[in-house]
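# Coordinate analysis (summary)
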Amino acid sequence: MIKSMFGLFGVLVMLMIAACTPQSPKTPNVVIIYTDDLGIGDVSCYEAGTLNTPGIDKMAEEGIRFSRGYATAATCTPSRYSLLTGEYPWRNKRAAVLPGNAALLIDTAAATLPKLFKENGYTTGVVGKWHLGLGDGFVNWNEHIALGANAVGFDYSYIMAATNDRVPTVYVEDGNVVNLDKSDPIEVNYYKNFEGEPTGKDNPELLKIHPSHGHNKSITNGISRIGYMKGGKSALWVDEDMADNFLDKARQFVSDNQDKPFFLFYTLHQPHVPRVPNPRFAGKSGMGPRGDAILEADWCVSEFLKTLDELGLSENTLVIFSSDNGPVIDDGYKDQAEELLGDHRPWGNLRGGKYSLYDAGTRVPFIARWKGEIEPGVSDAMISQVDFFGCFAQMLGSENKGPDSKMLLPVLTGRSDEGRTQYITEGLQRKLAYHEEGWVLIPPYEGSKKVPWGVDMETGFSTEPQLYNLASDPAQQHDVAAEHPERVATMMKHFETIRDRK
Ligand code: NG6
Ligand code: CA
């Protein structure tokens, strides 16, 4: 009797100790799959467009789909900057769409998301589009480039320097141009062509895809780009193979690191221009290359997730899917995106798109899947990519998270609906919109109401303040600023306080 009472007592003591000991933080693998210019209506589980994306939809069925998930900006570089630093992009003067020869944007001394993972024993990798600068502003592509992804926290990097429409059109692996023949050195210039080199402008007969605006400089693979480039023939990429290539590298990274925790930032180039999917996808969407490129991206997502399954990693890997900014139809090449769009609505039921301060500029597909941990469903809580840093700091028990990031792990994993109540998005020319409790205020701005080059898109600028109730008017059809002067004034104050915070 005494013995069994002791036994019971022992069990109670053990239970009490277990209850008091802080739970050791969970350390799943983390993968962020990031598309380029994919709209909220381009993904069929968001129920707006007419394209079918079964791979992404399946991921959403197995995870949590956010109806109010945001990028920080309506263009690429600023959104990526925030995702990796936890800081709003407009706090950094250089965080604008960068040319392919721009210096590394992120300070090597700054705290970053990959560094957070690294400090916690993870192996970190980035595969795909970078667009955050390389080198010191005078990069020599023919030597090792030390200042790059690896200098801001990634153990492994296999990237394109900027975008698929900007030179240099080569891959860079851990700071070295892949397949470079040193006897044919690469030179890059964003102002002046190299003597004797053809351009899209002067040699349209060499092109298989023609520009509609801009994009008429150096030619790679029959496609003229932004910027001039010479040499590096053996290293030039083939656009049709890009998706397969990045997918292979992403899978390889996972397979190489399957026995230890890893963080992978897998950044797809689709459906950014030039839209050149593999011939396997040509004609599959009936919407021309833009739709086909999205189907290709969808296939990449499902193939990648299959790899996690095959390696038995799906229960131990938190996968996030999102996009760097909203959709655009004609972004510089004559690829029939406009003509073949039909009833498809890449922006869903929202207003605007890429470059715009209206909501489709930054409200993007946003899904998180962690089999066995995240209960499948839909969340209407507001969450941003700038919060990833905070979420993972919380997961790993770290205080450091970047200045504008919020610790929203319970929201990301579907355990709470208490998302953001305040948020700032960036449109063109560093102009900002302020969200608060389901309302959005666009302060007055001078400037063109339309994107001032060939893109058919509203900037969102107006010389009068605009106020929309996103809860009742998600399509932003009714500007109610005149009816709510007090709300406009209060929101303006709150906006300025956050904006001017040091
Ligand atoms: C614009 C390009 C556009 C795209 C964009 C960046 C022209 C006329 N337009 O300047 O095609 O490259 O920059 O897109 O050059 S992003 O998704 O990387 O932000
Ligand atoms: Ca983009």
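Refer to the structure printed above.
Here goes a summary of the coordinates provided. (Residues numbered from 1 in each chain as written. Chains lettered and ligands numbered in written order. Predicted model: local features only at pLDDT ≥ 70, side-chain atom pairs only at ≥ 80, totals over all residues. Heavy atoms only, no water.)

## Some details on the pairing of strand β15 (residues 422–426)
- In terms of residue burial, β15 counts as a mostly covered element, since four of its five residues are buried.
- Of the pairings in the sheet, the one linking β15 to strand β16 (residues 432–436) comprises five bridges and is antiparallel in character. Its bridge partner being in β16, Y423 is matched across the sheet by H435.
- Taking the residues that link successive antiparallel strands as the turn, the β15-β16 hairpin has five residues, and the phi of Q429 there is positive, at about 50°. (Buried < 20%, exposed > 50% of the residue type's maximum accessible area, 1.4 Å probe, protein only. Helix = DSSP H or I, 4+ residues; strand = E, 2+ residues; numbered from the N terminus. Pairing = 2+ DSSP bridges.)

## Some thoughts on the packing of helix α5 (residues 242–256) against helix α6 (residues 288–310)
- Contact pair α5 / α6: the axes reach a minimum separation of 10 Å and the direction vectors enclose 20°. Classified by the angle their axes make, α5 and α6 are roughly parallel. For the pair α5 and α6, the sense of crossing is right-handed. Taken together, the residues of α6 that come into contact with α5 (itself represented by A243, D244, L247, A250, R251 and V254) are E296, W299, C300, E303, F304, T307 and L308. (Axes fitted to C-alpha atoms, helices over the stretch in contact; angles between N-to-C directions. Parallel < 35°, antiparallel > 145°, perpendicular 65-115°, else oblique. Left-handed = near helix turned anticlockwise from the far one by under 90°. Contact = heavy atoms within 4.5 Å.)

## Section: the site of ligand 1
- Near ligand 1 lie 20 residues; those nearest to it are C76, D165, R166, D331 and K354.
- Within the side chain of D36, an N or O atom sits 3.5 Å from an oxygen atom of ligand 1.
- Computed on the free molecule, ligand 1 has an accessible area of 450 Å², of which 88% lies beneath the protein chains in the complex.
- Looking at the shell around ligand 1, its residues break down into six nonpolar, seven polar and seven charged. (Near = heavy atom within 4 Å. Polar contact = N/O pair within 3.5 Å; in protein donor to acceptor, adjacent residues only side chain to side chain. Areas by Shrake-Rupley, 256 points an atom, 1.4 Å probe, with all protein chains shown as cover. Nonpolar A, V, L, I, M, F, W, Y, C, P; charged D, E, K, R; others polar.)

## Remarks on the coordination of the calcium ion (ligand 2)
- Those protein atoms acting as donors to the calcium ion (ligand 2) are D36 (OD), D37 (OD), D324 (OD), D324 (OD) and N325 (OD1), and they sit at 2.2 to 2.8 Å.
- Angles of 50 to 173° at the metal separate the six donor atoms of the calcium ion (ligand 2), which places the site in the irregular class.
- When the donors of the calcium ion (ligand 2) are listed by position in the chain, the intervening gaps give D-D-x286-D-N. Here D37 is found in the loop between β1 (29–35) and α2 (54–61), whereas its partner N325 is found in the loop between β12 (317–323) and β13 (366–369), with 288 residues between them in sequence.
- Exposure remark for N325: the relative accessible area of 0% places this residue in the buried category. (Donors = N, O, S within 2.8 Å, 3.2 Å for Na, K, Ca; no water. Tetrahedral: all angles 85-135°; square planar, octahedral: opposite > 155°, others 65-115°.)

## As for the side chain of D244
- Within the fold, D244 resides in helix α5.
- One polar contact links D244 to R280, side chain to side chain, over a distance of 2.9 Å.
- Among residues more than four places away in sequence, those in contact with D244 are N278, R280 and W299.

## Structural notes on the pattern of salt bridges
- Enumeration over the complete set of coordinates arrives at 26 salt bridges.
- The shortest N-O distance in the salt bridge between K371 and E62 comes to 4.0 Å. Here the residue K371 occupies a position in the loop between β13 and β14 (377–384), and E62 occupies one in the loop between α2 and β2 (64–70), the gap between them amounting to 309 residues.
- With relative accessibility at 19%, the residue E62 sits in the buried group.
- With its nearest N and O atoms 2.9 Å apart, the salt bridge here joins K208 to E240. Of this pair, K208 sits in the loop between β7 (187–189) and β8 (219–220) while E240 sits in the loop between β10 (228–230) and α5, and the two are 32 residues apart along the sequence.
- Residue K208 is classed as partly exposed on the basis of its relative accessible area of 44%.
- Of the residues examined, E240 reaches a relative accessible area of 17% and is grouped as buried. (Salt bridge = Lys/Arg side-chain N within 4 Å of Asp/Glu carboxyl O.)

## Focus on the packing of aromatic side chains
- Throughout the structure, instances matching the rule amount to 23 aromatic pairs.
- Judged by centre distance (6.0 Å) and plane angle (85°), the ring pair of F253 and F262 falls under edge-to-face.
- For the cation-ring pair, R65 lies above Y46, with the distance from its terminal atom to the ring centre recorded as 4.7 Å.
- Above the ring of F461, the side-chain terminus of K431 is found at 4.9 Å from the ring centroid. (Phe/Tyr/Trp six-rings, centres within 6.5 Å; stacked < 30°, edge-to-face > 60°. Lys NZ or Arg CZ within 6 Å of the ring centre and 35° of its normal.)

Read these as geometric descriptors, not functional statements.
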